[in-house]
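# Architecture at a glance
Here are the chains, one letter per residue:
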Amino acid sequence: MLKLTVKPGEYVLIGEEVKIVFAGGGAKNLRILVDAPKKYNIVRSDALERYGMEADPGNEGKHYADRQISAEAQEKIKAILMAERKRLRREERAASSQ
């Protein structure tokens, strides 16, 4: 087992397909993001215990196709992201000119 000390934003790569990002946390919890292909079974230990399951092959969770969002919603999301990027660029320029 590998023990690491990490800071928010740091990540660990497992092979070429799995990335685990430390997103922060507090005294009693830790937030992590797991970016992995759906072929990997990722299950919390309390879920296994709650349902009396072992972390063995065959106990994989079922994946369902993501629902598609409307073209209108996609455009709104794109506009929000673009506005946020512009705002950040303005703030960076203002900070660098000071």
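Below is a short write-up of the structure. (Residues numbered from 1 in each chain as written. Predicted model: local features only at pLDDT ≥ 70, side-chain atom pairs only at ≥ 80, totals over all residues. Heavy atoms only, no water.)

Here we take up the overall build of the protein. Secondary structure assignment for the protein yields 2 helices and 3 strands. Its helices and strands in sequence order give the protein the pattern β-β-β-α-α, from N to C terminus. In the protein, of all internal contacts separated by at least 6 residues, the share reaching a separation of at least 24 is 5%. In the structure as shown, the protein presents an accessible area of about 9400 Å², 55% of it carried by carbon and sulfur atoms. (Helix = DSSP H or I, 4+ residues; strand = E, 2+ residues; numbered from the N terminus. Contact = heavy atoms within 4.5 Å. Areas by Shrake-Rupley, 256 points an atom, 1.4 Å probe, with all protein chains shown as cover.)

Another aspect to go through is the pairing of strand β3 (residues 30-35). The side chains of a regular strand alternate, first on one face of the sheet and then on the other. Here strand β2 (residues 18-25) runs beside β3; their pairing, made up of 6 bridges, is antiparallel. Each bridged residue has a counterpart across the sheet, and for Gly25 the counterpart in β3 is Leu30. The hairpin formed by β2 and β3 contains 4 residues between the paired strands. (Pairing = 2+ DSSP bridges.)

Here the focus is the packing of aromatic side chains. In total, this model carries 0 aromatic pairs according to the counting rule given. In this structure, Lys19 is placed above the aromatic ring of Tyr11, and the distance from its NZ or CZ to the ring centre is 4.2 Å. (Phe/Tyr/Trp six-rings, centres within 6.5 Å; stacked < 30°, edge-to-face > 60°. Lys NZ or Arg CZ within 6 Å of the ring centre and 35° of its normal.)

Glancing now at the sheet that holds strand β1 (residues 11-14). Pairing is antiparallel across the open sheet formed by 3 strands, whose spatial order is β1-β2-β3. Unpaired on one side and paired on the other, β1 and β3 mark the two borders of the sheet. Adjacent strand axes in the sheet meet at a mean angle of 20 degrees, parallel and antiparallel pairs treated alike. (Axes fitted to C-alpha atoms, helices over the stretch in contact; angles between N-to-C directions.)

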